[in-house]
Every structure is written in structure tokens, then in C-alpha cells.
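Fold and geometry: a report
If you want the building blocks of each chain, they are given just below.
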Amino acid sequence: MTLPTFFIIGAAKAGTTSLHHYLDQHPEVQMSAVKETNFFAGPPNGIPYPVGRVDRLEDYEALFDPACRVRGEASPSYASAPRRQGVPQRIKELVPGGLFVYVVRDPIDRLVSQYQMLVSAGKERRSLADALARLDDADPHSFYLTCQSFYGRQLELYLQEFPPERILVLDQARLRGEREEALRDVFGFLGVDPGFRSEAFSSELLKGGERRRYPPALQRLKPALRGPVRLLPPGLRGRLQSSFEESFLPTVPKPELAPAERERLCRLFAPDAERLRSLTGLRFESWSV
């Protein structure tokens, strides 16, 4: 059975596409051509499977080269409990020796970036204030935005199934500001040459600072285009997407959090952020919580 040896499990809007691209440059690493396979993301907890999910084992295996010792994929849906449950257990069943890279960022910034992405995709039409009107596990209309920012909760679920030495937690701030050093740590963790360098490391893919709004007609075409486009290398896919969006689509203004909303989110995320610091020994000094 040819399966991945490691997984980038998230977080969404924390740089997983860029990391997938950087790792794919390494001659000892093979990344799946489909970046987000979401193979282990089901069964759903009362919500649909991710669009474009690779759901057959034979199709999943076909994404990986048995001749390559180190093989990986990146699916942020793997760290989105309780929205999607049982992912660590399903991975352990098929890949008991798996390694995990978990990229995290300031939890409030990540939430705002995800909201902006959903607005640009036409999946969210409420104001940010309305989307955050209720912030509890019982309200899927707001919790889908917050669940992936509870990094300590997600990490604890993996630590119940895998030893801590199999999980590398990486702050996105390092991937942006200390990229070569951060990638050296990731390469060493995966057991490949940590000294590898590539010109591709100078680029950052799918940056969330400026989002573009897709009109409804184009939104309807996206499902038909998603399959062929997902087979393109992430670097090329990101450049083509950016070029198209800059040429044809209007921008989505970055939403601003009112001080009261930011304070409420700080109170919500602070206990979990402290739990993450305790579990990892990392300080996350640039975070707002």
C-alpha cells in the first residue's frame, strides 16, 4: 500500500499551500499533485464532505510515488474538530507511523483571513460582526470560522493517538520571516537533507492580504474547473490564479474587527493559546492572544 509518510494538517489560512510548494521542491520529498485530498476528513459531522475530496483508497494511493521514501499531502480539514471528527484515528489506522506538520498563526488573524476568503468565494454574505454574533460549539453558523483557531484542542486530539515527537508545530510568522531556518527545521523533522535550498523559497503563495470577489456566474463554473486545476503544481496554480484575479476580479476589502469584537475573540482564544504554549513550549510572541 503506497500512502503518505507525513501530513500537513493545517491550519487553514496559515500558509499550508506555500509549505506544500516548498516541500515539493525538495528532491527527497514527493507531495501529492492534489494539494487538499481531504481523504481522511470524513465521515462528516452533519456537514457535507469537502468539495473535491479524494474518496477512494485506490485513487488516494495513486497520488503517491512508491519510489520516493518521503511522501506527503496537505489538508487543513484534518485539524477542524469538532466540525470534522475522528481524523487522527482514521489516519492512525492506515498510517500508524505518520509524521505531522501543523502550521499555526495568530488565531484572530487566521479567522479574519478565512472569513475574507469565504466572502471572495461567494460562500459568506453576512458582515463579519453578524458571522460572529454567536461563538459557541452549538452554532455551526459561527463556529465553522472559529474551530480551526483552537490549535491546542486540535493538537491534543493528535497527541492522544501519536507521540509528541511525531508532530512539529510551526508558527506561520517563522515561515514568513525566517523561511530558510523554518524549512531547515521541517526538512530535518522529515529526515531529508536540511541544507537544501531553492529559488522557489522566495515566493509566498495565495497570500490573503488582498482577496478578489468571484461573480456568481464564475462561481458556478468553478466545480467543473476544480479537478483539472487541482492537478497543476501548487506554484503554477498559485501564479495563474493570482494573475487571473488581478486582471479580471474586483477586490474584497479586508474586514476590520471592532474593538469589542476583538476583545471577545481574545477572551475566546486565550485559554486555548495558553494550552498550545504549554503543549509545545513555544511562545508565539507576535500573537495578539
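See above for the structure.
Fair warning: this is a prediction, and the values are worked out from it, not measured in the lab.

All told, the structure shown has 18 aromatic pairs when counted by the stated rule. When the centroid spacing of 5.9 Å and the interplanar angle of 75° are considered together, the rings of F40 and Y78 count as edge-to-face. With F40 in the loop between β2 (29–31) and α2 (57–61) and Y78 in the loop between β3 (70–74) and α3 (87–94), the pair connects residues that are 38 residues apart, well separated along the chain. Taken as a pair, F40 and Y78 share a single burial class, namely buried. For R153, the ring lying beneath its charged end belongs to F150, and the centroid distance is 4.6 Å.

For the rest of this paragraph, the subject is the pairing of strand β4 (residues 99–104). Extensive coverage of β4 is indicated by the burial of 6 of its 6 residues. Of the pairings in the sheet, the one linking strand β1 (residues 6–10) to β4 comprises 4 bridges and is parallel in character. Along β4, the bridge assignment pairs F6 with L99. Across 5 bridges, the pairing between β4 and strand β5 (residues 167–171) is parallel. Looking at the pairing, V104 lines up with D171 of β5.

Charged atoms that come close allow side chains of opposite charge to pair. Taken as a whole and assessed by the stated rule, the structure comprises 13 salt bridges. A salt bridge links E180 to R197; the nearest nitrogen and oxygen atoms lie 3.1 Å apart. With E180 in helix α9 (residues 179–190) and R197 in the loop between α9 and β6 (211–212), this residue pair connects regions lying 17 residues apart in the sequence. In this structure, E285 and R283 form a salt bridge, with 3.1 Å as the shortest nitrogen-oxygen distance. With relative accessibility at 62%, the residue R283 sits in the exposed group. One connected set of salt bridges, linked through shared partners, spans R56, E58 and D59.

In this section: the sheet that holds β3. An order of β2-β3-β1-β4-β5 is seen for the 5 strands of this open sheet, with the pairing classed as parallel. Pairing within the sheet leaves two strands with one partner each, and these edge strands are β2 and β5. Pairwise comparison of adjacent strand axes, ignoring direction, gives a mean angle of 25° for this sheet.

Rules and cut-offs
Residues numbered from 1 in each chain as written. Predicted model: local features only at pLDDT ≥ 70, side-chain atom pairs only at ≥ 80, totals over all residues. Heavy atoms only, no water. Phe/Tyr/Trp six-rings, centres within 6.5 Å; stacked < 30°, edge-to-face > 60°. Helix = DSSP H or I, 4+ residues; strand = E, 2+ residues; numbered from the N terminus. Buried < 20%, exposed > 50% of the residue type's maximum accessible area, 1.4 Å probe, protein only. Lys NZ or Arg CZ within 6 Å of the ring centre and 35° of its normal. Pairing = 2+ DSSP bridges. Salt bridge = Lys/Arg side-chain N within 4 Å of Asp/Glu carboxyl O. Axes fitted to C-alpha atoms, helices over the stretch in contact; angles between N-to-C directions.

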